[in-house]
Amino acid sequence: FLHIQVPRAEKNDLVIGHYFHYPLQTAAEKAGRRHVSVMLVHSLIPSDTLPPPGVPDRGKLSNRIAWKAAALILNRTIKPFPDRLRTAHGLKPAKDIMRDVFASHELTLIGISPQICRTQQDWPDYCKVCGFLDKTCCSSLSESMLTLCREVNFHLCNLLSVERDSSHIFQA
């Protein structure tokens, strides 16, 4: 898969993909291209104000401890897969699955209504709640994001589809 994605990433200024599609992030990094991660839920972004999924909210300290436990479990069980791919292609292993693989330090879009999820004060600056991502209605994206999407040649990839030119999605 990566042998197909790297040449595609090289042809674009920006690569956008679902957070769990880690080969795309690896391809973007290998090609020297900017990468944006898209999350459709906010529950995998560590926060002192929200507990991990399935954990009761018992306050900030409890949430912090629960997130450290979740990171330990995910780093031991899931992180070896992207790390194996990264090292096979000459890249360093990720430090943390949630912060360095699921998220993009360039920009991580959380495609959920701000009525359902507000940006948490302790989230990194690169995590942005942008509203639902819908090809037919992008009114929830900010004007600066719409401008970026119109002006930059980018590659949009998710688990089910690969589109070479996705600029038509954001046409006025």
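Procedures and definitions
- Residues numbered from 1 in each chain as written.
- Predicted model: local features only at pLDDT ≥ 70, side-chain atom pairs only at ≥ 80, totals over all residues.
- Heavy atoms only, no water.
- Salt bridge = Lys/Arg side-chain N within 4 Å of Asp/Glu carboxyl O.
- Helix = DSSP H or I, 4+ residues; strand = E, 2+ residues; numbered from the N terminus.
- Buried < 20%, exposed > 50% of the residue type's maximum accessible area, 1.4 Å probe, protein only.
- Phe/Tyr/Trp six-rings, centres within 6.5 Å; stacked < 30°, edge-to-face > 60°.

(A) A look at the pattern of salt bridges. Across all of its chains, the model carries four salt bridges by this definition. Salt-bridge contacts for Arg64 lead to Asp48; the nearest nitrogen and oxygen are separated by 2.7 Å. Of this pair, Arg64 sits in helix α3 (residues 60–77) while Asp48 sits in the loop between β2 (34–39) and α3; the two residues are 16 residues apart in sequence, bridging distant segments of the chain. As a salt-bridge pair, Asp83 and Lys79 come within 2.5 Å of each other at their nearest N and O atoms. Judged by its relative accessible area of 12%, Asp83 falls in the buried class. A relative accessible area of 12% means that Lys79 is categorised as buried.

(B) Spatial organisation of the packing of aromatic side chains. Within this structure, the stated rule accounts for three aromatic pairs. A ring pair is formed by Phe20 and Phe102, whose centres lie 5.8 Å apart and whose planes are at 40 degrees; its orientation type is tilted. A residue pair is termed long-range when its members are at least 10 positions apart, and Phe20 in the loop between β1 (14–18) and α2 (22–31) and Phe102 in helix α5 (residues 97–102) qualify at 82 residues. Chaining the aromatic ring pairs together yields one cluster made of Tyr19, Phe20 and Phe102.

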